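Listed below, chain by chain, are the residues.
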Amino acid sequence: MKRTLVILIVILLSIFSLASTLSMIMDVTGPFSQNFNPFFSGGTNYSARGFIYETLFYINGYTGEVVPWLATDYSWSSDFLEIDVTLRQNVKWSDGNNFSVDDVIFTFNLIKNYPALDSGGVWQKGLKEVIKVDDSQIKFVMSKVDTLIYTDLFSVYIIPKHIWETIADPTSYTDSNPVGTGPYVLGQFTSQVYTLQKNQNYWQKEKVKVDTIRIPAFTGNDAAQLALMNKEIDWGTLFFPNIDDIFVKADPKHRGYWLPEGNPVLLFFNLDKDVFKNSDFRKAIALGINKQQLVEIGMANLATVSNPVGIKGGFSYLENDNLKSMWYERDVEQAKKIFTNLGYKLGKDGLFVDSKGNKLSFELIVPAGWTDWIAVSQVLSSQLKQIGIDALVSQVDFGLYLERIKNKDFELAVSWVNYGINPYLFYERWLHSRNAFSGDNRGGWNSITTDSLLDIFRKTSDERERQLAISSLQLIGLQEIPSVPLFFNPTWFEYQTYNFVGWPNAENPYALPTITGMDKAFIIMNLEPVK
């Protein structure tokens, strides 16, 4: 009897040792709520995206490559009003039901009927209908030409019709026991920690070498950093000052990080204010900024300085070399000369005043609690004072901060633009008039010429036309300076190789290490447990 018990224990221990568990940080905002609705954002919902629910294609966040996923192929019609998509066969939902064309059509009709769930705005951008061609094909029909809409269509998370068709109100559905096609299913759940277990019905389960993902809750960066330092976390997503000295130096053989360019941070002018409507005035302020100093002091040298046209390094081929002579750098004397030519006079206190004796003094708003951006804003304020501008840093609660920008109730703001998968989408979000104030065009730039150039991206598939348009937009950015690109926020990513190898890094940048979408599933499938 004892011998049998010992053998059983040995077997159980052997099985346990074969199971690989990866611990990662998903959020640092406190206890979790059991909500895995993929149409919501934040916390556990990020786990649902990619780990539990999947998209038709995976659009690589670093390279822009379109990778077949739940679909295997797509093709445009000659008039660019239809996209035919071929679905992958032999895919099952985690509950064993077959994945089908009907699930895809149901998903798109659901977000049509409940616009709050249509985060990519596919129906607003011109999707007219989704048609079942046969058991393996669907057709997206558009009401207008939009050659970039595929990026939004292919990023919708597909849900099971046989479950969601019974949901009375999907906009409030918490999806506490999700059923997806992805590599994982929900394991155990508490508000402090939950696990995801390998989906045994997964269509490419042989690529998944991580059996369990463990996701603990943290109430802030300090506790999360401590867990990372104590080897409790394999995959970190933290702001980590002095990362080389504190994190890597302790064990450089097993610890690494990669901080690729994320969303750009800019200085926005409220272009509804008369003083900021003058492009020379904006140019003078731009000339007063030392971006490298902002990054070194405010961002602990962990961000990447942006060029004046806001194009990431991976897309440098889109930069117009003929315009680089117009790229501006800090020039205090030239900035002062511009202000003088505009009729401002330098006061005894070193600040410029207008014809009525009013000082050039502006409020510079930044989200409260964002310590790195606050530091950036304080350095920026010091720099602008050297060219005769008084920028008073005001820390504003995040909700009110967004509300003030939306309501045009600000003068200067340090803020960001969601870059998207390529510079075309970045320029559209940054400069199109339809995104003014309430969107990423936070300064309210409004130009028929700019809008027309931006619309070319969506109306043509000719790369030469797109190149001409983006070159023209670079010229506008350099001449008009609608806002000032400062730096690219780092994509925070720390990893440890005690348990798993195969992480993306600067030497092997196969995916953007973000946790909000499909990228993390792609990364998981490239990891191998340490033997």
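By convention here, each chain's residues receive numbers from 1 onward along its written sequence. For this predicted model, a pLDDT threshold of at least 70 governs which residues receive local features, and a threshold of 80 or more governs which side-chain atom pairs are given and counted, while totals over whole chains, interfaces and linings are taken from all residues. With hydrogens and water excluded, all non-hydrogen atoms of the structure serve as input to the side-chain values.

1. Overview of the pattern of salt bridges
Here is step 1 of the chain: Should a side-chain nitrogen of Lys or Arg be within 4 Å of a carboxyl oxygen of Asp or Glu, the pair is scored as a salt bridge. Applying the stated criterion across every chain yields a total of 21 salt bridges.
Here is step 2 of the chain: We note a salt bridge from Lys-385 to Asp-390, for which the minimum N-O separation is 3.6 Å.
Here is step 3 of the chain: When accessible area is computed with a 1.4 Å probe and restricted to protein chains, residues below 20% of their type maximum are described as buried, those above 50% as exposed, and intermediate ones as partly exposed. Residue class for Lys-385 comes out partly exposed when judged on its relative accessible area of 45%.
Here is step 4 of the chain: With relative accessibility at 13%, the residue Asp-390 sits in the buried group.

2. So, the sheet that holds strand β6 (residues 127–134)
Here is step 1 of the chain: Pairing between two strands requires that DSSP report at least two bridges joining them. We count a stretch as a helix when DSSP gives it H or I for four or more residues in a row; a strand needs E for two or more, and each element gets its number in order from the N terminus. A sheet is described by the order of its strands in space; here 4 strands give the open sequence β4-β5-β7-β6, paired in antiparallel fashion. One side of each edge strand has no neighbouring strand; the edge strands of this open sheet are β4 (71–76) and β6. On average, each strand axis in the sheet is tilted by 20° relative to the strand beside it, whichever way the strands run.
Here is step 2 of the chain: Strand direction decides the pairing type here: strand β5 (residues 82–87) and strand β7 (residues 137–142), joined by 5 bridges, are antiparallel. Following the sheet pairing, Val-85 is matched in β7 by Ile-138. Axes, fitted as lines to C-alpha atoms, cover a helix only where it is in contact. Angles between the N-to-C directions of the axes lie from 0 to 180 degrees.

3. Remarks on the side chain of Arg-442
Here is step 1 of the chain: By the element assignment, Arg-442 lies in the loop between α13 (423–431) and α14 (448–459).
Here is step 2 of the chain: Any N or O atom pair separated by 3.5 Å or less is treated as a polar contact, with the protein-specific requirement of one donor-capable and one acceptor-capable atom, and with residues adjacent in sequence counted only for side-chain atom pairs. Within polar-contact distance, the side chain of Arg-442 engages the side chain of Ser-415 at 2.9 Å.

4. Observations concerning unusual backbone geometry
Here is step 1 of the chain: A positive phi angle, near 55°, is found at Ala-300, a position not held by glycine.
Here is step 2 of the chain: With respect to the helices, strands and loops of the structure, Ala-300 is situated in the loop between α9 (291–298) and β14 (304–305).
Here is step 3 of the chain: The phi dihedral of Asn-301 is positive, around 60°, even though this residue is not glycine.
Here is step 4 of the chain: Along the polypeptide, Asn-301 turns up in the loop between α9 and β14.
Here is step 5 of the chain: Owing to a relative accessible area of 46%, Asn-301 belongs among the partly exposed residues under this scheme.

5. As for the pairing of strand β18 (residues 390–396)
Here is step 1 of the chain: Strand direction decides the pairing type here: strand β17 (residues 361–367) and β18, joined by 7 bridges, are parallel. Across the sheet, residue Glu-363 finds its bridge partner in β18, namely Leu-392.
Here is step 2 of the chain: Handedness of the crossover joining β17 and β18 through helix α11 (residues 371–385): right-handed. A clockwise course of the path from the first strand over the helix to the second, judged with the strands pointing away from the viewer, identifies a crossover as right-handed.

6. Thoughts on the environment of Thr-190
Here is step 1 of the chain: With respect to the element layout, Thr-190 can be found in the loop between β8 (184–189) and β9 (193–198).
Here is step 2 of the chain: By relative accessible area, which is 40% here, Thr-190 ends up partly exposed.
Here is step 3 of the chain: In the structure, Thr-190 is positioned 27 residues away from Ala-217 in sequence and 9.5 Å away in space, judged by C-alpha atoms.

7. Remarks on α11
In an α-helix, one turn spans 3.6 residues; hence positions three or four apart end up facing the same way.
Here is step 1 of the chain: Under the 1.5 Å per step criterion, the end-to-end length of α11 is 21 Å for 15 residues, consistent within 8% with the ideal 21 Å.
Here is step 2 of the chain: All of the buried residues in α11 are Asp-372, Trp-373, Ile-374, Val-376, Ser-377, Val-379, Leu-380, Ser-381, Gln-383 and Leu-384. Expected helix span is given by 1.5 Å per residue-to-residue step, counting one fewer step than there are residues.

8. Here we look at empty space enclosed by the protein
Here is step 1 of the chain: Cavities and pockets are found on a 1 Å grid laid over the protein atoms alone: a cavity is a set of points where a 1.4 Å probe fits but cannot escape, a pocket is an open set with protein on both sides within 12 Å along at least five of seven lines, and a lining residue has an atom within 4 Å of such a point. Grid points are joined across faces, edges and corners, and a volume is the space filled by probe spheres set on the points. Inspection of every chain in the model, using the stated rule, returns 1 cavity of 30 Å³ or more.
Here is step 2 of the chain: Lining the largest cavity are Gly-61, Tyr-62, Pro-260, Glu-261, Lys-312, Gly-314, Phe-315, Tyr-419, Gly-420, Ile-421 and Leu-512.

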